[in-house]
Amino acid sequence: MSTSSRYPFTAIVGQDDLRLALLLNAVSPAVGGVLVRGEKGTAKSTAVRALAALLPPVRTVEGCRFSCDPAAPDPGCPDGPHPAAGPGGERAARMVELPVGASEDRLVGALDIERALAEGVKAFEPGLLADAHRGILYVDEVNLLHDHLIDLLLDAAAMGASYVEREGVSVRHAARFLLVGTMNPEEGELRPQLLDRFGLTVEVAASREPDQRVEVVRRRLAFEDDPAAFAGRWSGEEAGLRERVAAARALLPRVRLGDGALRRIAAVCAAFEVDGMRGDLVMARTATALAAWAGRTEVAVEDVRQAALLALPHRRRRNPFDAPGLDEEKLDEVLRDAAADDPEDEPPTPPEGQAPEEPDGGDDDGPGPDGGGGGRPDPGDGAGDGSGGLPPQRTEDSGAPAPEDAPEALTGAEPGESGGGTPRPASAEQRAVAAGEPFRTKVLSVPGLGAGAAGRRSRARTEHGRTTGATRPEGALTKLHLTATVRAAAPHQRARGRSGRGLVVRRDDLRQATREGREGNLVLFVVDASGSMAARRRMGAVKGAVLSLLLDAYQRRDKVGLVTFRGREAEVALPPTSSVDAAAARLQALPTGGRTPLAAGLLKAHDVLRVERLRDATRRPLLVVVTDGRATGGPEPVALAGRAARLHAAEATASVVVDCETGPVRLGLAGELARELRGTAVTLDELRAEALTGLVKDVTDHHRARRAA
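Residues numbered from 1 in each chain as written. Predicted model: local features only at pLDDT ≥ 70, side-chain atom pairs only at ≥ 80, totals over all residues. Heavy atoms only, no water.

## Some points on the overall build of the protein chain
Looking only at helices and strands, the protein chain features 22 helices and 20 strands. Looking at the protein chain as a whole, 50% of its 709 residues are labelled buried. Here the contacts in the protein chain between residues at least 6 apart in sequence split such that 79% fall between residues at least 24 apart. Of the roughly 32,600 Å² that the protein chain leaves accessible, carbon and sulfur atoms contribute 50%. (Helix = DSSP H or I, 4+ residues; strand = E, 2+ residues; numbered from the N terminus. Buried < 20%, exposed > 50% of the residue type's maximum accessible area, 1.4 Å probe, protein only. Contact = heavy atoms within 4.5 Å. Areas by Shrake-Rupley, 256 points an atom, 1.4 Å probe, with all protein chains shown as cover.)

This is the structure:
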């Protein structure tokens, strides 16, 4: 992308945290990259692409595909060895994009196995990691990448090198880059282990200020009308920011991280219960980069505070449904306590002409980036709001569940269910009940062998897993089955004129390894929210059970959907998505009341699954119906529910009915529904991990019996 067709970084309106985090990584790539979380249309991609123009040019060895530095070439470069101080050239820093659908070979590079076997040479085609060396690697929608690609990506970013291993043939090359990932949390979260590997994280959202929104639209339209002219108008600001990045890089080695600052960093990480030591290291590097960005040679208190706000929110999640965040009041209290414990730690003397800093570093109205403040781009660089202070951060949501002894009037109990309170009519909508405590479950798997996206639930043919056989490759060879390849080539050696020790291998001899691993499924929850489910203890337990299954789906990399039914109809509360967090939020807010249109719920689920089969035929569904089995409303509601269930059975949809019926007298209607679905029924108590051992066997046995019949 040419400079004139790229939106200028300094023309971006607002998004102070995003711009600051990107600039700090440009100053010090050791910070470890940035994860940008936010809703669509918030300039995430625009800011990342604009950053490349601010990086200094790169000197490379002439003809080296791996961008070796002539002053210090990589001794293990596949194109080497390179002579010291050899000929070199200069090019602009690259911004390489990793597509969501990229293969492993496209990311790390590909070895020509045929030439390796026949000629004994390492014929290596570099991948995107090699292209991004000494530049930026940008991953849009990083949460949608397959887990094994994210692991490879983050391993290379952490080690500064990429290793490619194929059947005993290995290649290594340097891969040091600024890693930037963007994601929309509505489309699914990253695992906590992967979140921790990103140095910084920022949350972005569209401004709610009309004036700022007007300025965003005005600038974007001007850019689209004439990109070159628009870029020209911002060229002065771009040049100034580029020089400032270079100056901060030059100053960085002289910045001192004193013992007082280190103690504050350790105190903050300990107070917020940050796991491991990566958070401490990232905070230290970020605070040092902030000082260099502000033109100082000593890390100050506000640098530590700002570093915590950027480096710690995503490291504090204790379960997948926790929102990232940091309590700023607690942060300021910890910093004050750390300063009190270290009375000899005096603030550094400010440069000549600069106002002294506040002792607690908490003044948001301090100097901007051109003075000695927190290193945030100034309004002239596109902040748009005229303020150099920190925007307010979201604090963590307590998410406290309703107490067990909550009055029945607030929870909508049915007569006889809880023994107290005044009952409400079943037709009335009752306020949402908090979910019970989630518990650990075991896997509910779809029987048979699938071929869906990689995950951790059901057996499937996958690219990774145990080798189960060999086949002729269709297209490019990705996983060689060495033994099968040798067996295919061996009978033809004399006819091919083999004279030495090497094996004469041709493309027709190559065999692709077939492997079996686990896939992710579409788990569609159909939840009864009618009046018969409205008792506090029952609905709280139901929500706790579904929340537990959602947590299991998150860990097994499933897609989830939520259909609810009550009153006269059913609705899709959440279309199938990878965002288990969104499903949990919809479940928590689910009200109850009204009749029980069970047939409508099953038919709505059938429609959802039909559409999803058209979108992704390889992802197999698992239907989880959460109900007491009652069906009311309309003519012949029970018969209609049976016919709707048989639609799912005819399409061999794996089904589980969670029986929510309680009390000494039970009608067994959920069991009847499970038989119509040709699935299995379990009670709420049987969903717990200790009771689920036989459940997987029951689900599998049901489907084996159906196939045998």
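## What to know about the packing of aromatic side chains
The final tally for this structure, using the stated rule, is five aromatic pairs. Judged by centre distance (6.3 Å) and plane angle (45°), the ring pair of F230 and W234 falls under tilted. Accessibility expressed as a relative area gives 3% for F230, which makes it buried. Put simply, the rings of Y7, F223, F230 and W234 pair up and form one aromatic cluster. Just above the ring of W293 sits the side chain of R244; from NZ or CZ to the centre is 3.9 Å. (Phe/Tyr/Trp six-rings, centres within 6.5 Å; stacked < 30°, edge-to-face > 60°. Lys NZ or Arg CZ within 6 Å of the ring centre and 35° of its normal.)

## Details of the nonpolar core
Core analysis: the largest hydrophobic core is formed by 67 residues, its most contacted members being F9, L22, L51, V268, M283 and W293. In terms of residues, this core owes the most to one element, helix α12 (residues 278-293), which gives nine residues. Once residues within four sequence positions are removed from consideration, V268 is found in contact with M283, A308, L312, L331, V334 and L335. Core analysis: the next-biggest nonpolar cluster, separate from the first, contains 37 residues, L107, F124, V142 and F198 among them. (Core = buried A, V, L, I, M, F, W, Y, C linked by side-chain atoms within 4.5 Å.)

## Structural notes on helix α1 (residues 16-27)
Between the first and last C-alpha of α1 there are 16 Å, a value that for twelve residues agrees with the 16 Å anticipated at 1.5 Å per step. Along α1, twelve of the twelve residues are buried, which leaves the element largely enclosed by surrounding structure. (Expected span 1.5 Å × (residues − 1).)

## Notes on the environment of R91
Among the secondary structure elements, R91 is positioned in strand β3 (residues 88-91). Residue R91 is classed as buried on the basis of its relative accessible area, which comes to 18%. Apart from the residues within four sequence positions on either side, R91 is in contact with P57, V58, T60, S67 and H133. Reaching out from R91, the side chain makes a polar contact with the side chain of S67 at a distance of 2.8 Å. (Polar contact = N/O pair within 3.5 Å; in protein donor to acceptor, adjacent residues only side chain to side chain.)

## Details of the pattern of salt bridges
Taken as a whole, this structure holds 32 salt bridges when the rule is applied. In this structure, R134 engages D69 in a salt bridge whose closest nitrogen and oxygen atoms are separated by 3.8 Å. Taken together, the positions of R134 in the loop between α5 (128-131) and β7 (136-140) and D69 in the loop between β2 (58-61) and β3 put the pair 65 residues apart, joining distant regions of the chain. Note on R134: relative accessible area 25%, which makes it partly exposed. (Salt bridge = Lys/Arg side-chain N within 4 Å of Asp/Glu carboxyl O.)

## Examining the sheet that holds strand β20 (residues 680-683)
Strand order in the open sheet made by the six strands is β17-β16-β15-β18-β19-β20, with mixed pairing throughout. Looking at which strands have only one partner, the edges of the open sheet turn out to be β17 (569-577) and β20. Across the sheet, the axes of successive neighbouring strands diverge by a mean angle of 20°, strand direction being ignored. The pairing of strand β16 (residues 559-566) with β17 spans six bridges and is antiparallel. When the sheet's bridge partners are listed, V560 is paired in β17 with T577. Sheet contacts for helix α18 (residues 580-588): β16 and β17; angle to β16, the most-contacted strand, approximately 15°. Sheet strands in contact with helix α19 (residues 598-615) are β15 (522-528), β16, β17 and β18 (621-627), and its direction is about 30° off that of β17. (Pairing = 2+ DSSP bridges. Axes fitted to C-alpha atoms, helices over the stretch in contact; angles between N-to-C directions.)

## What about a nonpolar patch on the surface?
A cluster of nonpolar side chains, contributed by V216, V217 and L221, occupies part of the molecular surface with about 240 Å² of accessible area. As for its placement among the helices and strands, L221 is situated in helix α8 (residues 210-225). Note on L221: relative accessible area 47%, which makes it partly exposed. (Patch = residues over 30% accessible without salt bridge, like charges linked within 9 Å, V, L, I, M, F, W, Y side chains within 5 Å.)

## Looking at unusual backbone geometry
In the segment running from G80 into P81, the intervening peptide bond is cis, with an omega of 0°. Of note, P81 is situated in the loop between β2 and β3. With a phi angle near 60°, R557 is a residue other than glycine that sits in the positive phi range. Relative to the assigned elements, R557 resides in the loop between α17 (536-555) and β16. R557 sits in the buried class, given a relative accessible area of 18%.

## Section: the confidence of the model for the protein chain
Low-pLDDT stretches of the model should not have their predicted coordinates read in fine detail. Of all residues in the protein chain, 79% attain a pLDDT of 70 or more, and the chain-wide mean is 79. Here residues 691-698 is modelled with pLDDT under 50, and outside its nearest four sequence neighbours on either side it reaches 14 contacts, counting other chains as well. (pLDDT = per-residue confidence, 0-100.)

## What to know about the packing of helix α11 (residues 259-271) against helix α14 (residues 328-340)
Running from N to C, α11 and α14 point in directions that differ by 135°, and their axes come no closer than 9 Å. By the criterion of interaxial angle, the relationship of α11 to α14 is oblique. Considering how the two elements wind past one another, α11 and α14 form a crossing that is right-handed. Across the interface between the two elements, R264, A267, V268 and A271 of α11 pack against K330, L331, V334, L335, A338 and A339 of α14. Here the residues of the contact of α11 with α14 are counted per class, giving eight nonpolar, no polar and two charged. (Parallel < 35°, antiparallel > 145°, perpendicular 65-115°, else oblique. Left-handed = near helix turned anticlockwise from the far one by under 90°. Nonpolar A, V, L, I, M, F, W, Y, C, P; charged D, E, K, R; others polar.)

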